[in-house]
Amino acid sequence: MMSAKKRFAVEENETISECLARMEREGYKPVRRIEKPVFIEEKKKGKIEYKPVSQKIIFEGIKVT
């Protein structure tokens, strides 16, 4: 039997601790942390450059029985 998985993103104006507490309230335990960079497009001298501006943190959790 496979455990139910769910992803929880750390929302804007939310700390990692608050996200982990939200996971726990919903009955999930974190098993994986994923970090994805967020980029913006900037035009410089006719060329498009991608500049990192922030990072999105996502936790994957499994249902605790």
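Everything numeric in this text was worked out from a predicted model, so none of it was measured.

Conventions adopted
- Residues numbered from 1 in each chain as written.
- Predicted model: local features only at pLDDT ≥ 70, side-chain atom pairs only at ≥ 80, totals over all residues.
- Heavy atoms only, no water.
- Pairing = 2+ DSSP bridges.
- Helix = DSSP H or I, 4+ residues; strand = E, 2+ residues; numbered from the N terminus.
- Core = buried A, V, L, I, M, F, W, Y, C linked by side-chain atoms within 4.5 Å.
- Buried < 20%, exposed > 50% of the residue type's maximum accessible area, 1.4 Å probe, protein only.
- Contact = heavy atoms within 4.5 Å.
- Salt bridge = Lys/Arg side-chain N within 4 Å of Asp/Glu carboxyl O.

## Some thoughts on the pairing of strand β3 (residues 47-63)
Then step 1. Alignment of strand β1 (residues 5-9) against β3, held across five bridges, turns out to be antiparallel. Following the sheet pairing, R7 is matched in β3 by E60.
Then step 2. Relative to β3, strand β2 (residues 28-44) is paired through 16 bridges, and the arrangement is antiparallel. Pairing of R32 across the sheet is with E60, part of β3.
Then step 3. The hairpin formed by β2 and β3 contains two residues between the paired strands, and K45 there has a positive phi angle of roughly 50 degrees.

## What to know about the nonpolar core
Then step 1. F8, V10, C19, M23, Y28, I57 and F59 form the largest nonpolar core, which has seven residues in total.
Then step 2. Secondary-structure elements contributing two or more residues to this core are α1 (16-25) and β3.
Then step 3. Other than its neighbours up to four places away in sequence, I57 contacts F8, A9, V10, I16, R33, I34 and E35.

## With respect to the pattern of salt bridges
Then step 1. Enumeration according to the criterion identifies seven salt bridges in this entry.
Then step 2. K5 is the salt-bridge partner of E60, the closest N and O atoms lying 3.7 Å from each other. On the criterion of sequence distance, the pair formed by E60 in strand β3 and K5 in strand β1 is long-range, its members being 55 residues apart.
Then step 3. Taking the relative accessible area as the measure of exposure, E60 reaches 9% and is therefore buried.
Then step 4. Note on K5: relative accessible area 52%, which makes it exposed.
Then step 5. The salt bridge involving E35 is made with R33; its shortest N-O contact spans 2.8 Å.
Then step 6. Residue classification places R33 among the partly exposed positions, given a relative accessible area of 44%.

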